[in-house]
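Chain by chain, the residues:
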Amino acid sequence: MSAEPRKRKPTRYRDIAGRLQKEIRLGRTDVGDLLPTETELMARYSASRQTVREALRILMDQGLIVRRAGLGSVVIASEPPVLFTHSVKSLGEWLRYSNETYRDVVATRDIVADRKRAALLKCEPGKHWFLIEAVRRSDQFAAPLGWTEIYVLRKFAGVVKRSDHGRTPVHEQIANTYGQTTEYAQMEIFARAMPASLAKALQVKAGSPALTVVRRYYGTGQELFEVTVTTHPEGRYTYTMDMQRSLRPRV
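Residues numbered from 1 in each chain as written. Predicted model: local features only at pLDDT ≥ 70, side-chain atom pairs only at ≥ 80, totals over all residues. Heavy atoms only, no water.

**Observations concerning the overall build of the protein**
Okay, step 1: Each helix and strand in the protein was counted, giving seven helices and ten strands.
Okay, step 2: Residue burial in the protein is summarised as follows: out of 251 residues, 41% are buried.
Okay, step 3: Once local pairs closer than 6 in sequence are excluded, the contacts in the protein between residues at least 24 apart make up 61%.
Okay, step 4: On the protein, roughly 15,000 Å² of surface is accessible, and the fraction owed to carbon and sulfur atoms is 50%. (Helix = DSSP H or I, 4+ residues; strand = E, 2+ residues; numbered from the N terminus. Buried < 20%, exposed > 50% of the residue type's maximum accessible area, 1.4 Å probe, protein only. Contact = heavy atoms within 4.5 Å. Areas by Shrake-Rupley, 256 points an atom, 1.4 Å probe, with all protein chains shown as cover.)

This is the structure we're talking about:
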C-alpha cells in the first residue's frame, strides 16, 4: 500500500507571520500603530519567544514593520513596499536619481525665500525662486518614493514645459535649454520627522521617520541656480555609494 503524500504545513513562525500580515493588509492594524508585544503574541499563538521573534523578523524583511528599542514593533506599510536602491559609481550618477523613477509634478509657483527656507537652500533671504513640487514614483500604482521640491532661478522656469521634464534631471534640462552648466555640486543627507504637509501625499503619518536629500547646483561664478529637496518615507529608498582606494603611483 502506498501512502498518500501529506500536504506540508507551514513552519510555525511563518504561519504567525502570515496571520499578522493579513491583519495589517486588512487594516485591523493601521500604519503607524504598534503590534502586540512579544509576550502578548506568545500568549495569543501559544508560541515560544524565539518563534514570535522569527515571525516579526519576516515582517521586518518584508518592509511591513520596524522594531524600536523601548517602543515595540511599529507598522510602516500595509503591503510590502517597493524599495529602491540607488547605487552610485560616478559623478553623473551622484547628480541624478535612478532612471527607473520619475517625477509627477503636483504644482509650480514663484516664491521668495524666507529665513527658514534660505537656511535650507543656503541662499540669502529674499532670493526669488521658481518652485516645482512633485511626487517621485516608480510607477503609478506603487506607493510614492518621495516628495521633491525643485528650486530654480526664475529665468529657468521654462523647463517645466519640456516633454522630458518628469524623467530627466532638471539640471540637465537647464544645461540643454539655457546652456547653464554645473561647475560645482553639493549633496546633504539627513534624517528628520515627516512634515505634516507631506504626510498625506506620501501615505504615511506625520512625524514618522523620513530621509531628506538636498542637492545644490552651482554654475559659473559659484552662482547657486538650482536646489532639489527630496524627502523619502522610511523604508522606501536606499542610497549607496561605491568607493575604491586609489593606489599611489610608484616613483
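Still more to cover.
**Quick word on the packing of helix 1 (residues 12-25) against helix 2 (residues 38-45)**
Between two packed helices, what matters for the description is the angle formed by their axes and the separation of those axes.
Okay, step 1: Close contact between helix 1 and helix 2 brings their axes to 12 Å; oriented N to C, the two are set at 105°. With respect to their mutual orientation, helix 1 and helix 2 come out roughly perpendicular. Two secondary-structure elements touch here, helix 1 through Arg12, Ile16, Arg19, Leu20 and Glu23 and helix 2 through Leu41, Arg44 and Tyr45.
Okay, step 2: The residue makeup of the contact of helix 1 with helix 2, split by class, is four nonpolar, no polar and four charged. (Axes fitted to C-alpha atoms, helices over the stretch in contact; angles between N-to-C directions. Parallel < 35°, antiparallel > 145°, perpendicular 65-115°, else oblique. Nonpolar A, V, L, I, M, F, W, Y, C, P; charged D, E, K, R; others polar.)

**What about the environment of Phe225?**
Okay, step 1: Turning to its location among the elements, Phe225 is positioned in strand 9 (residues 224-233).
Okay, step 2: As a C-alpha pair, Phe225 and Lys155 span 70 residues in sequence and 9.7 Å in three-dimensional space.
Okay, step 3: Discounting chain neighbours no more than four positions away, the residues touching Phe225 are Trp129, Tyr151, Val152, Leu153, Phe156, Ile174, Gln180, Thr181, Thr182, Tyr217, Tyr218 and Gly219.

**Re the packing of helix 2 against helix 3 (residues 49-61)**
Okay, step 1: For the pair helix 2 and helix 3, interaxial distance at closest approach is 9 Å and the crossing angle is 105°. The pairing of helix 2 with helix 3 is recorded here as roughly perpendicular in orientation. Contacts between helix 2 and helix 3 involve Glu38, Thr39, Leu41 and Met42 on the former and, on the latter, Arg49, Val52, Arg53 and Leu56.
Okay, step 2: By residue class, the composition of the contact of helix 2 with helix 3 is four nonpolar, one polar and three charged.

**Observations concerning the pairing of strand 9**
Okay, step 1: Across the ten residues of strand 9, ten count as buried, placing the element largely inside the fold.
Okay, step 2: Examined bridge by bridge, strand 6 (residues 146-152) and strand 9 share six bridges and lie antiparallel to one another. Bridge pairing in strand 9 places Ile150 opposite Thr228.
Okay, step 3: For strand 8 (residues 209-218) and strand 9, the ladder comprises nine bridges, and the chain directions are antiparallel. Of the residues in strand 9, the one forming a bridge with Val213 is Thr230.
Okay, step 4: From the end of strand 8 to the start of strand 9, which pair antiparallel, there are five residues, and Gly221 there has a positive phi angle of about 75°. (Pairing = 2+ DSSP bridges.)

**Structural notes on the pairing of strand 8**
Okay, step 1: Within strand 8, eight of the ten residues are buried, which leaves it mostly tucked inside the rest of the structure.
Okay, step 2: As judged from the ten bridges shared by strand 7 (residues 184-193) and strand 8, these two strands associate in the antiparallel manner. Each residue of the ladder has a partner; that of Met187, found in strand 8, is Arg215.

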